[in-house]
Structure formats: structure tokens, C-alpha cells
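Remarks on the overall topology
Here are the chains, one letter per residue:
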Amino acid sequence: MLHDASHYSISSHRWVNVAFGRVAMFFVSPLISFKSFAFIHIEHHRNTNDGEFDPDHFVSAAPWWQLPVRFPAMDLPYISFLVRNVRRRPRAEVLETAALMTFSLTVIVAAACTGYLWTLAVVCLIPGRVAMFVLAWWFDWLPHHDLEDTQRENRYRATRNRVGSEWILTPLLLSQNYHLVHHLHPSIPFYRYVAAWRRNEAAYLERDSAISTVFGQQLDAAQYREWKRLNGTLAALLATRMPRSSAARYIGTHPIPVKSVEPLTPDSVEVTFDVPDHLSDRFRFRAGQHLTVRHRIGGREVRRNYSICTSATSGELAIGVRRVAGGLFSNFAVDTLRAGDILELMTPTGSFGAPLDPLARRDYVAVAAGSGITPILSIVRTTMEIETESRFTLFYGNRTAESTMFAAEVDELESRYADRLRDGLAVEAVPAERIHLELFRGTRQSTHVDDYADAEVTITLAGAGHTVDLAAGETVLESALKNDINAPYACLGGACGTCKARIITGAVSMEQNLALTAAEVDAGFILTCQSHPSTPTVAIAYDS
């Protein structure tokens, strides 16, 4: 329970993991706080087998004759590691650990002075050391001893799986005989290790994963396959599942109830939507996409773009909203919006973010400031789940710790993907097509009517065609709205991409483009809010 709590694997609610972790810590070692334990354990994941940087190296690299002494003293290197890194830890965590140490020592001294030391030892101290012995044996020594690769050098050979006698070993060790799966996927709870191994076994074997039998015989991939054949335990393999994209053929608007409004900081909230089952296919999204929210406030319709902050694999749809001075919708969302309210949402759109591949092995870098973390959070969450070989470096700037949106969620991601979420990178020339930029606020250029001529525009939307006259100087979007065609749009500045459509016939010129890639422009896509016909007739389709 303590182990899974440190990786936030018990519950999707952070407070549940912290509560379970704090209770469980008393049964393991009352000398340090749960938060301190979690920090130390995550450092083990980052630096597995890496000498003094791996706090568990105290056990995993010990000579065999020292193990009986080191196993029950496993919390001593943890305390030493914490002291060396005390300046890196939050003040509240350090104070909690200091209070627990003081309390524990006070109880021991009081028991000694009153003649109850032996009673305390029998009831608490000796059983605690026995439990520490067992935990150090199956969590630290069995998975890691005699392995030389570090987590950063080779994730597949820094930790091992131990196969054989699984009818007794798996329940006895709480699935820690599949400890390799845990280091590859720290967010998976212990009872799913075996299923994860079976689902991805072929990919693990291709990477020469460290495997040994229950008696310590090392197996390579070929030997393991032969061992399985002889033992008759071949399991069916399941393919890695990619999240499906939206089934919507064009951007549509739907009334969606608000599921919850949770405060993130004093001036920001996370809004989660309760998408009805019959619309779930339309509101599937790719990591990095955004929603356009429509609502009437004080008799005035407002439209705002907000990036989706949840993982594309989660089945949840949520946005983060930060208060903007004078902002109609942001102030409404922070102060007034409640669960059960209805908002008009356009189906997800946008192309911010790179396409994902379960077999890819990439290094990603993301830079965000303030509320710009929302699409990055979705991208990091989704990428870490799908591309199990990829690494991510995140630079996230904020004015103060208190104003940091999704601080707890970023901390949780670091705990779940410790060895892959922080990585050094040195790049001299990144190709432009590998840099993805997203803006929601553009600048409207001044239009000179003399630069353009009247035109006839045919617009296809939701399967229906409309032919309208466009006056000189109007954009394609303006002509659509003027003729009561409910074309999708949001920023009107060429930044969000909501009004994207494809040219069917004719040609246009765009005032500015801050949303489409060069490949999309070459494929005939335009931003209708920025497009002026340059031929007498033009046909465009939003349904592409």
C-alpha cells in the first residue's frame, strides 16, 4: 500500500494516496514522513543501480555476508539520503519528518525510563525490523542485485522479472516478482503487473529484458521462450491500444453539462465535463487539442478557446481556466460556474502536438508558462502512457508557487514516470517541422477594400452547401456569418485554427496564419477568418 501510494497508483485522487501513504508509513518506519519516503523512492527509480545516487543501492549492491544486517536497517540509508538532500525538500515535509523522528525517539526513551522497553520491542520494534527485512529482500534485493545497467542506460536491464512457481510467488511477493514491469510503468498498480507483462511481452523480449527463474538462472529471450514452452504457460498477447480520434466529420456545437469545477489556485479552476454517451465518439480528442466554449453572460454571447488538460486515453474531458482581469468568461468560470451547469462546446480541434507511436523512442521538450501548461499536461500524460520508451523534459515557469496551476498533477506525473519525465537534452538545430507552437490570441490585420474584389463563395458545412455573395474586403468567415451560416470560429485572429476549412475550387489569400502547418497549407487548408478570395468564385468545405 505504501509503495503504490508513493506512485499515486491507489486512486486518481491525490489526497487518497497521501492518506493511505501516511497511515502505511507507521507500519514500515515511523522515522520519516510519507512525502519524504516518496521523494527517496522516486530517486531510486531515477537512479536505479547508480551507486550513491540510488538509495536502495545500500541493499542491492551489498556483499552477501552483510545482507542480514543491511536488510533490517534499510531506513538508515534513507535517512542519510534525505539529510543530504534536505535543502531540496519543502519545509513542511522536513518539519513533518523531524516531528516523527522526535516522537519516535521520545517514545523509546520514555519506554526505557519506565521499564517498558522490552514490551515496546516485542510489540513494535522487533516486528518492524522483521518487516523491514522482508521488504528490503523482495523490493530491493531480488529485483536489482547483480544488475550493472542503470535506469538511464538501459531501463530493460536495470530491473528483472523472476519467473517460475508463480502460483505461490506472485501472491506471496504481491506481484513484485514482476518488478521490471513496475520500473517500466510506475503508474500501474501492483495487481496489474502480470497483465501488463503478458500484453507487452513481445516488445519487452525484443529489448532483451532482464529475466531470471525463481532459482536465479538468467534467461535471454530465446531461453525464456523455451522455458515457457516447457512450462506450458504461454499467454495470449494483446496489442498496445492507441486512443481513437474524434468521429466528428466537422466541428459541431453541443450542450454539455459540467461535471465538476475544482479550484487549482486562488484564481484558477479545472472544469470537467460530463459528456453524454451518445456524444462520446464526437468528443474524443488528440493530446494538445482544444475546445471552443460558447456561453451567454449578461445577455452577451462569448466564445473562448481552452486547451484540454486530460490524457487522451483517460476518457475524461477537462479544461483549465485562469482568471483574466476584465475577462467575461474566466471570471464567470472561477466565481459562478458550478457542477450541473450547461455550456455549449464545439467538438475538439487543433493540431498542437506530435503524432504518437507506441514503438517510438523519442526525446520531447516542452516549455510552458502559467496557464500554458494545460495542453502540455495532456501531451505529457498521453505520451508517457503510449510511448513507454520516450522521455520528456518540461520547463514550466510561474510567478509564484501558489499561482502554479496543476502543481500537484505535475508532481504526480514525476512520481509515476520518474526515470522518463526528467532528462538532459542538447540540440543544436531542431527542424522547423518538429517545433509545435500554439496561440489562442492573434492580431487582426487592417484590410483595405481596394485590395480585393467581390466574389461568389460556396460553403459546405454539415453536408449542406450554401452559395453566398462576398463583398470586397470581407473574409470567407464574415460572409458565412453574415448569411446565417453557423460556421465554426473562436479567436478571429488566425491563431486558434477553429475556423479551418479546405479549398475545393478557386484560390484565396490569407492575411496571417498562426495556426496551420506548412503541410496543411500545401494540402489546401485555410483559415477562413483570414481568407479573402483571389478568384471570382471559390468553394470551401468545413467537412474535410
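What comes next concerns the included structure. Bear in mind that the values here come from a model prediction, so they are computed numbers and not experimental data. (Residues numbered from 1 in each chain as written. Predicted model: local features only at pLDDT ≥ 70, side-chain atom pairs only at ≥ 80, totals over all residues. Heavy atoms only, no water.)

Here we come to helix α11 (residues 193-206). The terminal C-alpha atoms of α11 lie 19 Å apart, and with 14 residues this matches the ideal 20 Å at 1.5 Å per residue to within 8%. Of all the bends found along α11, the most pronounced is centred on Asn200 and spans about 70°. Residues of α11 that are buried include every one of Tyr193, Val194, Ala196, Trp197, Asn200, Glu201, Tyr204 and Leu205, and no others. Residues of α11 that are buried in the fold lie against α1 (2-6), β1 (160-163), α9 (166-172), α10 (179-184), β2 (210-213) and α12 (221-231). Once α11 finishes, Asp208 follows within two positions and takes phi at roughly 55°, a positive value. (Helix = DSSP H or I, 4+ residues; strand = E, 2+ residues; numbered from the N terminus. Expected span 1.5 Å × (residues − 1). Bend = angle between axes of the 7 residues up to and from the residue. Buried < 20%, exposed > 50% of the residue type's maximum accessible area, 1.4 Å probe, protein only. Contact = heavy atoms within 4.5 Å.)

With that out of the way, let us pick up a nonpolar patch on the surface. Together, Leu105, Ile108, Leu117, Trp118, Val122, Val123, Leu125, Ile126 and Val130 make up a nonpolar patch on the protein surface, roughly 840 Å² of accessible area in all. Looking at the nonpolar patch, the elements that each hand over two or more residues are α7 (91-113) and α8 (117-144). In terms of residue count, the dominant contributor to the nonpolar patch is α8 (7 residues). Inspection of the secondary structure puts Val123 in helix α8. Judged by its relative accessible area of 63%, Val123 is exposed. (Patch = residues over 30% accessible without salt bridge, like charges linked within 9 Å, V, L, I, M, F, W, Y side chains within 5 Å. Areas by Shrake-Rupley, 256 points an atom, 1.4 Å probe, with all protein chains shown as cover. Salt bridge = Lys/Arg side-chain N within 4 Å of Asp/Glu carboxyl O.)

What follows concerns the pattern of salt bridges. What the rule picks out here adds up to 20 salt bridges. For Asp75, the salt bridge goes to Arg129, with nearest N and O atoms at 2.9 Å. Highlighted residues: Asp75 in helix α6 (residues 75-84) and Arg129 in helix α8, separated in sequence by 54 residues. Given the relative accessible area of 32%, Arg129 is considered partly exposed. Glu520 is paired through a salt bridge with Lys500; the nearest N and O atoms lie 3.3 Å apart. In this pair, Glu520 is assigned in helix α17 (residues 518-522) and Lys500 in strand β14 (residues 500-505), connecting sequence segments 20 residues apart. Among the residues examined, Glu520 registers a relative accessible area of 13% and is labelled buried. Relative accessible area serves as the criterion here: at 26%, Lys500 is assigned to the partly exposed category. Because the salt bridges share partners, they merge into one network encompassing Glu43, Arg46, Arg88 and Glu414.

What follows deals with helix α15 (residues 407-416). Note on helix geometry: an α-helix contains 3.6 residues per turn, so any two residues three or four positions apart are oriented the same way. Among all positions in α15, only Glu412, Leu413, Ser415 and Arg416 are buried. Take α15 and look down its axis: the buried residues cluster within an arc of 160°, on one side only. (Arc of directions from axis to C-beta.)

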